[in-house]
Amino acid sequence: MLDTLDHVAAIATAIVAVWAFAAYRFGSWKKRRLLEKYLSNERPGRRYAIDTGQRTIIHLMAELRMSEAEILQAAFTSQKILIIRTRDPQTSLSNGMLFQHIAMPRGQ
């Protein structure tokens, strides 16, 4: 009886682990797609004439209701998002990031 219970517990543990991994991956995928879709709609010239389509992390956090870490993870794992460093004009050191959707050719 104890041996059977041991096998059932091992199988249940494996099932829960696979489910948790799948839920984590799906959540990451969903956040990445949300960021990609939002940035693709924020194309250059959409809001005003000199709009470049680039958005700050603060803007994205407010619009998408995602944390800074979630946005960074989604951007770093996406091949469709360009991350641009901004520089302080006095020190020439990086002081921020801008995010922009990359127009991908069809078939990629």
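Shown above is the structure to which this text applies.
Everything quoted here is computed from the prediction, not taken from an experiment. (Residues numbered from 1 in each chain as written. Predicted model: local features only at pLDDT ≥ 70, side-chain atom pairs only at ≥ 80, totals over all residues. Heavy atoms only, no water.)

**Some words on the packing of helix H1 (residues 2-41) against helix H3 (residues 68-77)**
- At a minimum axis distance of 9 Å, the contact between H1 and H3 shows a crossing angle of 85 degrees. Our classification of the angle between H1 and H3 gives roughly perpendicular. Within the contact between the two elements, H1 uses Tyr24, Ser28, Lys31, Arg32 and Leu35 and H3 uses Glu70, Ile71, Gln73, Ala74, Ala75 and Thr77. (Axes fitted to C-alpha atoms, helices over the stretch in contact; angles between N-to-C directions. Helix = DSSP H or I, 4+ residues; strand = E, 2+ residues; numbered from the N terminus. Parallel < 35°, antiparallel > 145°, perpendicular 65-115°, else oblique. Contact = heavy atoms within 4.5 Å.)

**Comments concerning the pairing of strand E3 (residues 94-101)**
- Sheet analysis places strand E1 (residues 55-56) next to E3, joined by two bridges and oriented antiparallel. Note that in E3 the partner of Arg55 across the bridge is Phe99.
- Summarising the sheet, strand E2 (residues 81-87) and E3 pair through seven bridges and their orientation is antiparallel. Bridging across to E3, Ile81 finds its partner in His101.
- Linking E2 to E3, which pair antiparallel, is a turn of six residues; within it Ser92 sits at a positive phi near 65 degrees. (Pairing = 2+ DSSP bridges.)

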